[in-house]
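Inside the fold
Each chain is listed here by its residues.
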Amino acid sequence: MSAAELVMRLRTLIVDDEPPARDRLRAFLAAERGIEIIAECGGGAEALEAIARDAPDLVFLDVQMPIVDGFQVLERLDPARMPGIIFVTAYDQYALRAFEVHALDYLLKPFSRERLHEAVHVARARLSRRPAPGLDHALRALVDELRAERHGHERITVRTDGRVLVLRTADIDWIEAAANYVRIHARGESHVLRESMKNMASKLPAESFVRIHRSAIVNVERVRELQPWFHGEYVVILQDGTKLTASRAYVGRLQDAIG
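For clarity, every value in this text was computed on a predicted model and none was experimentally measured.

1. Re the overall build of the protein chain
If you tally the helices and strands in the protein chain, you get nine helices and 15 strands. Considering only contacts within the protein chain whose residues lie at least 6 apart along the sequence, 54% involve residues at least 24 apart. Looking at the protein chain as shown, the accessible area adds up to about 13,800 Å², and 49% of this sits on carbon and sulfur atoms.

Now the structure itself:
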């Protein structure tokens, strides 16, 4: 039997909300022996359906996705039927620390072919000796930590003028980018925090907050009306009358969030 025939075949699922990221991952995986891509998903809810339906051996799971993110997918999976998971993430300090603490593999965007090959090699070795000692325990421990972290995300701390202000995320109306800062609008007031929009989004409950533009995140509970605009964009009108623009690239996410 040849070496190629000895390679374990891995039925693989790609989960990422960004088409270019899926394209890149698919292209890199094409060079990996024994990888059979059985489906691609653009969101967490779709991924849960695909995992239940197709029972993949290996899942490349994006962490930062709207509505149902990668961590929420992990929380909802049956531990007894857990596929191999390789997390894919843009820079997220908390996520990287959590993966490293629990010895779980991840790919940090943008990753190289060599780094992907290494991750596939590790996954193949783990899956070949299932049940992998300690791996299911590591995933359960990560889920427990994520639940605790999400509970902590019910509040945002803002330091301003020598004061420490604690904001409930439920009180936030919307957030806008302001150079290297973000401006948080809550209960008729605004507060400036030194943070990127991507990191800010990761600190908010994914079921309540959605990015509608490169420079705007909105609390979907505050949306009163959507009005079609030019070139597939929409005007988003909040309960207090604030008007924002939802760019074409983000409209689908907003519509999914508000049902």
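2. Remarks on the packing of helix 2 (residues 19-29) against helix 6 (residues 113-128)
Running from amino to carboxyl end, helix 2 crosses helix 6 at an angle of 70°, the nearest separation of the two axes being 10 Å. Comparing the axis directions of helix 2 and helix 6 gives the class roughly perpendicular. Regarding helix 2 and helix 6, the two cross each other, and that crossing is right-handed. Here Leu25, Ala27, Phe28 and Leu29 of helix 2 come into contact with helix 6, specifically with Arg113, Leu116 and Val120.

3. Some remarks on the environment of Asp69
Positionally, Asp69 belongs in the loop between strand 3 (58-62) and helix 4 (70-76). In this structure, the C-alpha to C-alpha distance between Asp69 and Glu207, residues 138 residues apart in sequence, is 8.9 Å. Polar contacts involving the side chain of Asp69 include one to the main-chain amide nitrogen of Gln72, which spans 2.8 Å.

4. Re unusual backbone geometry
Cis geometry is adopted by the peptide bond preceding Pro110, which originates at Lys109 and carries an omega value of -10°. Backbone geometry at Ala55 places phi at a positive 45°, although glycine is not the residue there. Along the chain, the position of Ala55 falls in the loop between helix 3 (44-54) and strand 3. Residue Ala55 is classed as partly exposed on the basis of its relative accessible area of 42%.

5. Observations concerning the confidence of the model for the protein chain
Residues at a pLDDT of 70 or more form 88% of the protein chain, whose mean pLDDT is 84. This stretch, residues 1-5, has a pLDDT under 50; its non-local contacts, to residues over four places away or in other chains, come to three contacts.

6. A word on the sheet that holds strand 3
Strand order across the open sheet formed by five strands is 2-1-3-4-5, with parallel pairing between neighbours. Of all the strands in the sheet, just strand 2 (35-41) and strand 5 (106-108) have a single pairing partner and so form its edges. With direction set aside, neighbouring strand axes in the sheet form an average angle of 20°. Sheet topology places strand 3 next to strand 4 (residues 84-89); five bridges connect them, and they run parallel. Each residue of the ladder has a partner; that of Val59, found in strand 4, is Ile85.

About the cut-offs
Residues numbered from 1 in each chain as written. Predicted model: local features only at pLDDT ≥ 70, side-chain atom pairs only at ≥ 80, totals over all residues. Heavy atoms only, no water. Helix = DSSP H or I, 4+ residues; strand = E, 2+ residues; numbered from the N terminus. Contact = heavy atoms within 4.5 Å. Areas by Shrake-Rupley, 256 points an atom, 1.4 Å probe, with all protein chains shown as cover. Axes fitted to C-alpha atoms, helices over the stretch in contact; angles between N-to-C directions. Parallel < 35°, antiparallel > 145°, perpendicular 65-115°, else oblique. Left-handed = near helix turned anticlockwise from the far one by under 90°. Polar contact = N/O pair within 3.5 Å; in protein donor to acceptor, adjacent residues only side chain to side chain. Buried < 20%, exposed > 50% of the residue type's maximum accessible area, 1.4 Å probe, protein only. pLDDT = per-residue confidence, 0-100. Pairing = 2+ DSSP bridges.

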